[in-house]
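# Architecture at a glance
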Amino acid sequence: MNSAAFFFIAVLTLSAAVAAACLRQLVHAALSFAVALVGVAAFYFLLGAEFVGLVQVFVYVGAVAVLIVFTILLTRHGTDENRGFNWSGVVIALAVLAALLWAIMRTPALYVAAQPGVTVTVRQIGEALMSDYVWPLQCVGLLLTAALIGALVLVLEEKR
Amino acid sequence: MSYLELLRLAAPEAIVVLTAFVVLTIGLVTGRREAGDTPAATAGLGALVAALGLAIAAATIVRLPGHATLFHGMLVVSPLNSLFQVIVLVLAFFTVILARGERLLPNKGEYLAMILLATVGLMLLIGSEELLMIFIGLELTGLSLYVMTAFDKASQTSAEAGLKYFLFGSMASAFTLFGLSLIYGFTGTTSLAAIGPRLAEQALPPLLFVGIVMTLIGFLFKIAAAPFHLWAPDAYQGAPVSTAGFIASGSKVASFIVLGKILLIGFGPVSGSADWHGLIAGWTPILAVLSALSILIGNLVALVQKNVRRLLAYSAVAHGGYTLLGLIAGGRAGFSATLFYTTIYAVTLVGAFGVVGFVRRENGGDDLADFAGLRARSPLLAGCMAIFLLSLAGLPPLAGFFGKFYLFSTALRAGANHGLLWLVALALFGSLISLYYYLIVLKVIFLDENAQATPAVARYDFEMRADYLPKMTLLVLAGAVLLLGIIPGTLVARILASFG
Amino acid sequence: MTSLLPWIALLLPLASMFVILLATRSLRTLSAFISVAAVLGSFVCSCLIFFQQTSAAAAICWIDLAPLFSVPLGLTLDPLSRSMLFMVTGVGAVIHIYSLGYMSADAGKSRYFAGLSLFMFAMLGIVLANNFVMMFIFWELVGVSSYLLIGHWFERPAAAEAAKKAFITNRIGDFGFMLGILMVWTGTGSLVFTEIAAGMAKLTAHPSYLTAAALLVFCGAVGKSAQFPLHVWLPDAMEGPTPVSALIHAATMVAAGVYMLVRVGFLIDASSGALHVIAWIGTITAVLAALMATQQNDIKRILAYSTLSQLGYMVMAVGLASGQAAMFHLFTHAAFKALLFLGAGSIIYMLHHEQDIWRMGGLAKRLPITFLTFLVGTLALIGFPGFSGFFSKDAILALAYERSLPIFAFAAFTALLTAFYMTRLVVVAFFGDARSPHAARGAESPIVMTLPLILLSVPAAIGGFGFFARNFLSLPNETKPVVAVPVIALLALLIGVVSALLLYRNRTTEPVEIELFRNRFYFDELYTALIKSTQGLLAAIAAFIDRWILDGAIVRGLSGGTWGSGFLLRLLQVGNLQAYGFLFGLGIIGLIYFTVFH
């Protein structure tokens, strides 16, 4: 893997994520979040998983992030309270990070080595989704349906 | 594998999904003519269809082949899975009936549909031995339950409870997903049956343990083990009563069976030991610590609750702690003890929340004071509640007694040299404390006078118009609690036999 | 047929309870007669079992989890359970008949007799159970029925409170009992008494484990038989109807603890450490209760403390490794204590629920039958030579003399106190002038109540003689009769009686006031304070948590529950959620660190 590219993308992704958590203006935070998502997509490309990378861009950057931005623009009515910085959250995040780092350092290598040089085509993915993974695919569809119904039910205003 | 084969094996799930859509359609077609409450007739029709669908699904499960595995464990039909899918369907069935007796929610059709979708989620959880599907099941269940919790739009507490449940549920899910990805990274497989041998082969790196812990978090959240229990009191108190009952029963049963499978099949080689004088790293000591914490926190905090639903929530935390004992003990005996206990607990709690629902409908609240003098107003409800609570306290000959005896005896037997004695003693001590607060509720029900004497009309209403069906259901549940206490062998033998 | 007899004896009361609850609830008198008929039926069965020497019936398998454990549904019939069965149904029958009179006007008569039937069922279950699980189930059932009967007059707050206290105190003991059962089961792999006895070798290999298990099992008896420090519930239980006090809280249920100890004697006797503790607990109970009894004014409470004290004797005997002596005293005590309670009930009934002995007086003339039978009971209790109590108490004293002199000294002192407080009771209540209008007008109780008194006074009087008692139980055999023991016992008796006579003859008020005894060594106050402070502490912690996490939560400024992302955003800013999140994260970190760095 190209380590220079890796470090560049990593720094970009991480700083965008930190910005998303810290920025006061919600719109700015949402846009930073989108950048972080793009960074993750870049990792996928770097790893040779073009399909996943594309899906990441289409779904997360193209749909989710945009949806978030629209939601914020449409529903916020200018209340911009100044809330204190949440130090307890930082402490916890750092503690988790420390534990993870320690564990990663102590762990020699992953058990399963990646198979080199195998490129998976979209067609193969599609075939896998319709054969071996058809059951989870259906269930994810059901999951999304349930989420949709639930969201509608909750957001619908009651006519009183 | 052909699609036809898949359809045949997944028929129960498919039936419940179809029923959900039918119920949804009924609600849409007839429900929104008048603003506000759904007409009673529609609600009745919806509930009838839902109950029918659940019954048909249960019948279909019985007719499935004994053993079948599709897609490396994504869909597994086995006696154990079938048994617990039927149990979950039965719990959902009772929930649907008791939801009828509840104050009519707006959008009743959607509500019933969400119950059914949550049930499908539980069935997926139970019926898969593969990490990916388990996660999808977890999410489907979770999402449906979040929505159901926030369903009562007239109530602020419902909205708040739903939001909290959602936020922390997502957080727990995120950790679980991260953990699953680590497990996959180390073993190269998502099938539980294949993970076990892989784990046994290698020396275990610390990161793998991190993965295991993170995987567990989602389930510990679902069973409300301390310190991941904070959502439970709010959700139990704020959600519509039938939802609270379903969260406490169906969701718990499914979570325990999946947790058991993951731990015993998947993570079996890294179980470790929680013996008093021989702690060995693994998941057993983690569960033991959490179990002890849950028992202590749940019981102590329940002592000072003034709201019956909150009290039940904290006692649920404690019961989660007892139930973990079986998994800590491990093996077939321990797993079957856990499954038996969680089943009878679920039956009991559905009933207890049914009574709470009645009282809430009558008095508009579910604080201890609202239960005052229930005996005089409805001896039936008071009697049922007494059976449920005393069973929770573990008083023989009710089901809770044998459940605890079974759990504790397996735990004591499991640890070499009685290593788990400390935990069993703690659990017994916890159940001693629990009797005290259950008795407080019973004292209010049986001895206290009703302070805000309900007007005669309301009382008449309460006694006469209250649905016949929900009351019969409560009676059936109370009978089941008694019967499972007197002849527990039937269910235990079934569970043991289903291990094959 | 004979193998069915014990089942019939056991199930008749249960059937009676169901018939009363389901069918004859509104027909109060019929309910009463059904219950009496059931217990008489059980008594007849018990007699047949007793005199035919029926032995064990076949056990049915109840719960079979073969590799782990199996619980049979079996009854045990050996000399011990046969005679206990005979005693329980006999005393039960007499007290049922007595209740016909005592509860004749009570509005809750059906409920009362249903409760009595449930109690008889549960008590017979304890007696007949052949394994720990069955015994524990019936053990709890006895607790429940006792709870219901103590709280029979639940409109009275004191009765409801006493019922709760009894229940919870018993559960504390049962907590240990259950743990003990589990430990015995883990050690021997069986729950059936005979199999445990056969597999004791596995337990004796680990002496400390055995001692712990035996002491935990003993905890059950401490609760049920009201031994120190869980003795506080028994005096309060006197809030129940008097026949209940006689049956449950004097003759049978409280003796169940002793019976259980004797039943598992093989376990207890195997651990000398446990025996030592048991003997001293019994001794402490005997002395403390006797001291408390000297300063009580309520006739039932005096008898209650005396029951405590006598139970202490029995437990002492168990601790001195002589189950036979314990059972002997249990039998004679059942007869004379039931007699005393029923006599007290007769007085209370005729005096319109007057229980203060200082408001009685001169009753000897007005209630002659009650007086005479009460006197028989008293003489038996204080161990007057020739009466039943003399023999059984003498057996225990001789035992103590042989095994442990300090315990003997305390036992003899208790005997002195017993003679003292019973003489005080008799002198104040039956002699002198009537000190209240009710006492002046009292007359003898109806025949249905005096007949049981007369019936019970027979065994109370002659029950101790070998020629009589030998038919019912195996008597403790004294190895070498010591002259010193009866002499000291008689001396104690004399001192007690004479000092009480001198002190209380022709008194109208209490001449000595000892606050410490009157207030029962402040045990109740101590426990109440303990519970209160614990609960207060918990409430304070819970309130703190509420303020910190929960209260910040009340969603401020939210109108009418409209949903939307605006609401969501506002809620996110509430401190509460962050506190929740903090705790959640803390939990995760704790887990990870615990696992990784362990």
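If you're wondering where the values come from, they're calculated on a predicted model, not measured in any experiment.

Each helix and strand in chain C was counted, giving 28 helices and 2 strands. Over its C-alpha trace chain C gives a radius of gyration of 27 Å, about what one expects of a compact globule, namely 25 Å for 598 residues. Within chain C, contacts between residues at least 6 apart in sequence are counted, and of these 80% link residues at least 24 apart.

Moving on: the overall build of chain B. A tally of regular secondary structure across chain B gives 22 helices and 4 strands. Expected size for 500 residues packed as a compact globule is a radius of gyration near 23 Å; at 22 Å, chain B falls within 12% of this value. Here the C-alpha coordinates of chain B stretch approximately 70 × 55 × 40 Å along the principal axes. In chain B, which comprises 500 residues, the share counted as buried stands at 67%.

It is worth spelling out the nonpolar core at this point. Within the largest apolar cluster, 439 residues are counted, with the highest numbers of intra-cluster contacts made by Val258 and Ala338 of chain C. The contact partners of Ala338 of chain C, leaving out residues within four places of it in the chain, are Val91, Ile95, Ala246, Ala250, Ala251 and Leu456 of chain C.

Let us now look at the interface of chain B and chain C. Residue-level contacts link 50 residues of chain B with 45 residues of chain C. Counting residues per element, the ones that place at least two in the side of chain B that touches chain C are helix 7 (156-187), helix 9 (206-222), helix 13 (283-303), helix 18 (399-414), helix 19 (421-446) and helix 22 (489-498) of chain B. Looking at side-chain class alone, the side of chain B that touches chain C contains 39 nonpolar, 6 polar and 5 charged residues.

Below, the discussion takes up the environment of Phe135 of chain B. Residues and elements named next belong to chain B. Topologically, Phe135 is positioned in helix 6 (residues 131-149). Using a count of 21 C-beta atoms within 10 Å as the deciding quantity, one classes Phe135 as buried. Spatially, the C-alpha atoms of Phe135 and Gly121 are 9.9 Å apart, while their sequence positions differ by 14 residues.

Residues and elements named next belong to chain B. Following the sequence through the fold, Ala399 ends up in helix 18. When the 30 C-beta atoms within 10 Å are taken as the criterion, Ala399 is described as buried. In sequence terms Ala399 and Ala302 are 97 residues apart; their C-alpha atoms lie 21 Å from each other. Once you skip the residues sitting within four places of it in the chain, Ala399 turns out to touch Ile344, Ser391, Val481, Leu484, Gly485 and Pro488.

All names here are of chain B. Taken residue by residue, chain B gives an average pLDDT of 85. The fraction at 70 or more is 91%. By mean pLDDT, the top-scoring element of chain B is helix 6 (93), and the lowest-scoring one is helix 20 (residues 456-465) (46). Low pLDDT, under 50, characterises residues 455-464; the stretch is placed with 7 contacts to residues that sit more than four places away or in other chains.

The next subject is unusual backbone geometry. Along the chain, Ala226 of chain B connects to Pro227 of chain B via a cis peptide bond; the corresponding omega equals 0°. In this fold, Pro227 of chain B is placed in the loop between helix 9 and helix 10 (231-238). The peptide bond linking Phe228 of chain C to Pro229 of chain C adopts the cis configuration, its omega dihedral lying at 5°. For Pro229 of chain C, the location among the structural elements is in the loop between helix 9 (207-224) and helix 10 (233-236). Despite not being glycine, His72 of chain B has its phi angle at roughly 55°, a positive value. With respect to the helices and strands, the residue His72 of chain B is situated in the loop between strand 1 (68-70) and strand 2 (75-77). Judged by the 17 C-beta atoms lying within 10 Å of it, His72 of chain B falls in the partly exposed class.

All names here are of chain C. With 28 residues, helix 16 (residues 323-350) extends 40 Å from end C-alpha to end C-alpha; this agrees with the ideal 40 Å at 1.5 Å per step. Of all the bends in helix 16, the greatest, near 25°, is centred on His333. The element helix 16 is extensively covered by neighbouring structure, given that 26 of its 28 residues are classed as buried. Positive backbone phi, approximately 55°, marks His352, located one or two places after helix 16.

Since there are 3.6 residues in each turn of an α-helix, residues three or four apart along the chain are aligned in direction. If you check helix 3 (residues 79-102) of chain C, its first and last C-alpha atoms are 34 Å apart, about what 24 residues at 1.5 Å a residue would give, namely 34 Å. Where burial is concerned, most of helix 3 of chain C is hidden: 22 out of the 24 residues are buried.

In this section: the packing of helix 18 (residues 368-382) of chain C against helix 22 (residues 447-462) of chain C. Residues and elements named next belong to chain C. Two elements in contact, helix 18 and helix 22, have axes whose closest approach is 9 Å; the angle formed by their N-to-C orientations is 25°. Relative to helix 22, the element helix 18 lies roughly parallel. As for how helix 18 packs across helix 22, the hand of that crossing is left-handed. Taking contact as the criterion, the partners of Ile369, Thr370, Thr373, Val376, Gly377 and Ala380 in helix 18 are, on helix 22, Thr450, Leu453, Ile454, Ser457, Ala460 and Ala461. Looking at the contact of helix 18 with helix 22 residue by residue, the classes come out as 7 nonpolar, 5 polar and no charged.

The rules behind each value
- Residues numbered from 1 in each chain as written.
- Chains lettered and ligands numbered in written order.
- Predicted model: local features only at pLDDT ≥ 70, side-chain atom pairs only at ≥ 80, totals over all residues.
- Helix = DSSP H or I, 4+ residues; strand = E, 2+ residues; numbered from the N terminus.
- Rg over C-alpha atoms; globule rule 2.2 N^0.38 Å.
- Contact = placed C-beta atoms within 7 Å.
- Buried ≥ 20, exposed ≤ 12 C-beta atoms within 10 Å, placed from the backbone.
- Core = buried A, V, L, I, M, F, W, Y, C linked by C-beta atoms within 7 Å.
- Nonpolar A, V, L, I, M, F, W, Y, C, P; charged D, E, K, R; others polar.
- pLDDT = per-residue confidence, 0-100.
- Expected span 1.5 Å × (residues − 1).
- Bend = angle between axes of the 7 residues up to and from the residue.
- Axes fitted to C-alpha atoms, helices over the stretch in contact; angles between N-to-C directions.
- Parallel < 35°, antiparallel > 145°, perpendicular 65-115°, else oblique.
- Left-handed = near helix turned anticlockwise from the far one by under 90°.

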